[in-house]
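Spelled out, the chains give:
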Amino acid sequence: MPLKDDLTFLETIARARAEAAEETMIQSATRFDAEQQIARGLGGQVIDGRAEFGFWVPELQDHRVPSGDIFLEVLRAEEPLDLTRAAQSIAFERAYIPVVRTEAHCFTAVDGMRAGTRDSIGDFYALTWRDSEGSWHRIFDPLASSLPFGAFAPAELYDLHAMQDARGDKAYWQSFAGSEPHKFGPAVNILQIHIPTATAGGTIAALTRQFERLAERVARDLPLDPADQIFMGYDSVQLLPVEPTTVYEKGPDFWDEDQGTDDQVTVSLLRPDTTNWGYDVVISGMAAVNPVLLETGRPDELVDLAAVLHNFPGGPKRLVFDVVYGHSDNQGLDALNSHFFAGPNMYGQNLDYQNPAVRAILLEMQRRKVDFGADGVRVDGAQDFKFWDPSEQVLKHDDAYLQSMADIVQEVAGTQYRPWFVFEDGRPWPDEDWELSSTYRSVIEQQRDDDVFQWGPLTFAHNTPFLYTFWLGKYWRIRECLSVGSNWISGTSNHDTLRRGTQVSPEMNINTRLGNTGMEILDKAYDNPAAHALTYVALPGVPMDFLNAMARGSWGFIRNQDDKYGVKVVAEEAISLKWQVDSYSYSIPGNFTRLKELGFETRADLARFCEFLPALVKVTEYDLDDIARLLNATDPKLAGPRYTPETLKEVARAWMDDMHEYCNVSLALSGLDPVQCAFTHALREFRNARPWLRDNYGPRDHFGYVEPLEGRTLFTSLRHGPDGEQVYSVIHMEGKPTSDIDPLRLDVPGLEGFGWECALRSPGIGSDYLSGPIVLHDSMSLVFTRKG
């Protein structure tokens, strides 16, 4: 039976949807209220066995498209479609279903469509319209639930109800059920994870298997090796964004059609394989999961990860989503209608939060995504949510929108709840004086809930803890942490700070006591025993660690989709070679295979190229022809191909793909230091057992540094728990070794008396040390406790 005969247009239901939208627009208090209600029904949804669709399409009004030229296009594979294959050519049947239009919205309902599930692939769809010359144009669903081929391809109709009904953590959610929505409070600590580099598999399913394995070992009371410990001791896991990102600027497309007919089209399909750190979103498809991260192509993988975390033996681990709604990459202009955007910015495009429909759709995207089962939400770049106030002729922060984000009520397994919220907001960033003038409290002070968090000053972006005097130079910020840091995310290792560290010139005043090579220095800077002790014992707030830093793996700006500016991006990243890749690492046969094939046989070959490229990008003002000509003219000749604009782009793509593989945490596991991993794990368990350490300092608490400095920064901290316990730490942050000091005899108010026990010793201090004189070196720390 032809597809069109298998489908039935349910006109009565479609008209009822359109009439309900019209009535909502009439009776709602505000246009935004109306658009919020309508947005709940947008996208493709399975309702009582039928498929219902809603679209906000003001561009059809802009183009004056008659209603008779607008259809829902349905595509059904004529042969088995395998989402785990790299490439395939599939014939699809095609049918067109009428829609009912009301102003800027279109609705339709269809019987007979197949919805995707964990075990089956559903029909694909898009809204389509015909112009006066008979050409067809597609409008992709920005609220799609499943996008096996990315945001620039037809969506798959997906049965979210079946996915939710099958989730394995229903008991966890139902334990929070009540007469009012449950409100999640803050985490104790967070492990930040970039899924593609977190495991050898690089998918959500692979990460789920990692936590399943850990759960089984914990349940059986088996010992944890260092590769286990770097994942353990955290009560929350935060994923870098899992939304669809940009695609290859110059192709290949993941969905590429022949001309086809009204009834059939053949599509060349490629499994999405882009590499990205997650923040280059196009906004369209934010309610779906990035198909690059899905081993099976099924969004159920994200629910499975939530379930294994929530069911973890010994206590559930929370799941935190990192969402990006402060900007869109410029590719978003090809995925969404122009009404979504408010003009260019440093990342691509501003979003038009003042448009009621846009505002409502963005919030609905967020609601649907968090319903996968997140306990918390981290909002990227909250300082970027701005709008133009024409009356005052200034850009203003849209704090009301940020409040709306935090107000959304989610529902999972019948339980309504509101997640814990963390905002990254460094306003007035990017003003020149932002490091001096940012309070990191702008959102905290305006939100209604007292458990809203922001990234603190030691966490936000530009921190380089391997430069001499960093810690003393940041002392004024540390003092702020003591008094107002209880609602800050703390810690110096995250996806931003580690990347910034790789951009520092080795000619600066580097703390060479951290290691003998650039790699050793960078690794220890962001996995520093002293910094961890400061974060987990001395400072208030919620500590966060980045998995790649804890594994002492590599990291950088990972994005292989650029064509126009790909060479420029590599020129900016080239300095990271000095910090992250030595000759031995480069020589390993499995590393940097693409660059080696292009002629960079040794690290020295690549390093010489990387010395020339940034300078030439600058002096030529990024003229690829001139850059290629000058590279070819070097004497002695550079390694690599004969340079042309195209071969430069090949080198840039090879760099990104090779670096992405090199950053995989699995490559670092064999080099983990058991003593360091055991110490940081013990620190996390110490913090978990004392949740009061999150609180701001009280009148009896003390924090300071030992004077005179004598070439080193030695912090001391004394904190008092509600049960009378005292926690004392002495932390050597940087510089020369101390003289033979007795930590318990330093001039710290409240330290007097007996009863202190040594609870934690950093690497380099023997387990037989209990108290008494000791020489502390750079990065050493001691933690003592005394019962009240």
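So, a few notes on the structure that sits alongside this text. (Residues numbered from 1 in each chain as written. Predicted model: local features only at pLDDT ≥ 70, side-chain atom pairs only at ≥ 80, totals over all residues. Heavy atoms only, no water.)

1. A short note on the overall build of the protein chain
Each helix and strand in the protein chain was counted, giving 28 helices and 32 strands. Over its C-alpha atoms, taken along the principal directions, the protein chain stretches across nearly 85 × 75 × 60 Å. Taking all 788 residues of the protein chain together, the buried fraction comes to 61%. Across the protein chain, the fraction of contacts at a sequence separation of at least 24, relative to all contacts at a separation of at least 6, is 74%. (Helix = DSSP H or I, 4+ residues; strand = E, 2+ residues; numbered from the N terminus. Buried < 20%, exposed > 50% of the residue type's maximum accessible area, 1.4 Å probe, protein only. Contact = heavy atoms within 4.5 Å.)

2. Examining the pattern of salt bridges
Oppositely charged side chains can pair when the atoms bearing their charge come close. By the definition in use, this model includes 51 salt bridges. In this structure, Arg138 engages Glu257 in a salt bridge whose closest nitrogen and oxygen atoms are separated by 2.5 Å. Linking Arg138 in strand E9 (residues 136-139) with Glu257 in strand E14 (residues 255-257), this pair joins segments that are 119 residues apart in sequence. For Arg138, a relative accessible area of 27% gives the class partly exposed. On the accessibility criterion, Glu257 (27% relative accessible area) is partly exposed. With a shortest N-O distance of 3.8 Å, Arg418 and Asp407 are connected by a salt bridge. (Salt bridge = Lys/Arg side-chain N within 4 Å of Asp/Glu carboxyl O.)

3. Regarding the packing of helix H11 (residues 356-370) against helix H12 (residues 399-407)
In contact at an axis separation of 10 Å, H11 and H12 are set at 35° when each is read in the N-to-C sense. When the axes of H11 and H12 are compared, the crossing they make is right-handed. Residues Arg359, Leu362, Leu363 and Gln366 of H11 lie in contact with H12, whose contacting residues are Ala400, Tyr401, Ser404 and Met405. Partitioned by chemical class, the residues of the contact of H11 with H12 number 5 nonpolar, 2 polar and 1 charged. (Axes fitted to C-alpha atoms, helices over the stretch in contact; angles between N-to-C directions. Left-handed = near helix turned anticlockwise from the far one by under 90°. Nonpolar A, V, L, I, M, F, W, Y, C, P; charged D, E, K, R; others polar.)

4. A short note on the packing of helix H8 (residues 204-219) against helix H10 (residues 300-310)
Two elements in contact, H8 and H10, have axes separated by 9 Å at closest approach and are oriented at 15°. Accordingly, the angle class assigned to the pair H8 and H10 is roughly parallel. For the pair H8 and H10, the crossing hand works out as left-handed. Residues Ile204, Ala205, Leu207, Thr208, Phe211 and Glu212 of H8 pack against Glu301, Leu302, Asp304, Leu305, Val308 and Leu309 of H10. (Parallel < 35°, antiparallel > 145°, perpendicular 65-115°, else oblique.)

5. Topic: the sheet that holds strand E12 (residues 190-193)
On the basis of which strands lie adjacent, the closed barrel formed by 8 strands has the order E12-E13-E16-E19-E24-E25-E26-E27 and parallel pairing. Recorded for the sheet is a direction-independent mean angle of 30° between the axes of neighbouring strands. One ladder, built from 4 bridges, connects strand E19 (residues 376-379) with strand E24 (residues 420-423); its direction is parallel. Pairing of Val377 across the sheet is with Phe421, part of E24. (Pairing = 2+ DSSP bridges.)

6. Here's the deal with the pairing of strand E15 (residues 264-270)
Side-chain alternation along E15 places Val265, Val267 and Leu269 on a buried face and Gln264, Thr266, Ser268 and Leu270 on a face that remains uncovered. For strand E5 (residues 87-98) and E15, the ladder comprises 7 bridges, and the chain directions are antiparallel. Residue pairing across strands places Gln88 opposite Leu269, the latter belonging to E15. The pairing of E14 with E15 spans 3 bridges and is antiparallel. Counterpart to Trp255 in the pairing with E15 is Leu269. Here E14 hands over to E15 after 6 residues, with Gly260 in that stretch at a positive phi of 70°.

7. A look at the sheet that holds strand E23 (residues 415-418)
Taking strand neighbours across the sheet as the criterion, the 3 strands line up as E11-E23-E22 in an open arrangement whose pairing is mixed. Sheet topology places strand E11 (182-183) and strand E22 (410-412) at the edges, where each strand pairs with a single neighbour. Pairing analysis gives 3 bridges linking E22 to E23, with the strands arranged antiparallel. Looking at the pairing, Gln410 lines up with Tyr417 of E23.

8. Details of unusual backbone geometry
The bulk of non-glycine residues show a negative phi, and the bulk of peptide bonds are trans. Put simply, Arg427 and Pro428 share a cis peptide bond, and its omega is 15°. Note on placement: Pro428 falls in the loop between E24 and helix H13 (434-437). Asp635 connects to Pro636 through a cis peptide bond whose omega is 5°. Inspection of the secondary structure puts Pro636 in the loop between helix H26 (624-632) and helix H27 (645-662). Even without glycine at this site, Ala413 takes up a positive phi of about 50°. In this fold, Ala413 is placed in the loop between E22 and E23.

9. Comments concerning the nonpolar core
With 164 residues, the main nonpolar core has Ile193, Phe211, Leu239, Met405, Phe466, Phe600 and Phe609 as its most contacted residues. Residues contacting Ile193, with those up to four places away along its chain left out, are Ala198, Leu207, Phe211, Phe231, Val237, Gln238, Leu239, Leu240 and Leu547. Among the nonpolar cores identified, the runner-up in size contains 29 residues, and Val57, Ile70, Val74 and Ile139 belong to it. (Core = buried A, V, L, I, M, F, W, Y, C linked by side-chain atoms within 4.5 Å.)

10. Focus: the packing of aromatic side chains
Following the criterion strictly, the structure yields 44 aromatic pairs and no others. Seen in terms of ring centroids, Phe124 and Trp255 are 5.6 Å apart; in terms of plane orientation they differ by 50°. Their pairing is tilted. Note that Phe124 is positioned in strand E8 (residues 124-130) and Trp255 in strand E14, a separation of 131 residues in sequence. The two residues Phe124 and Trp255 agree in class, both being buried. Between Tyr475 and Tyr705, the ring centres sit 4.9 Å apart and the planes meet at 85°, which makes this aromatic pair edge-to-face. Linking Tyr475 in helix H16 (residues 475-484) with Tyr705 in strand E28 (residues 702-705), this pair joins segments that are 230 residues apart in sequence. Judged by relative accessible area, Tyr475 falls into the buried class, the value being 16%. Across the ring face of Phe32, the terminal group of Arg359 is positioned such that the distance to the ring centre comes to 5.9 Å. (Phe/Tyr/Trp six-rings, centres within 6.5 Å; stacked < 30°, edge-to-face > 60°. Lys NZ or Arg CZ within 6 Å of the ring centre and 35° of its normal.)

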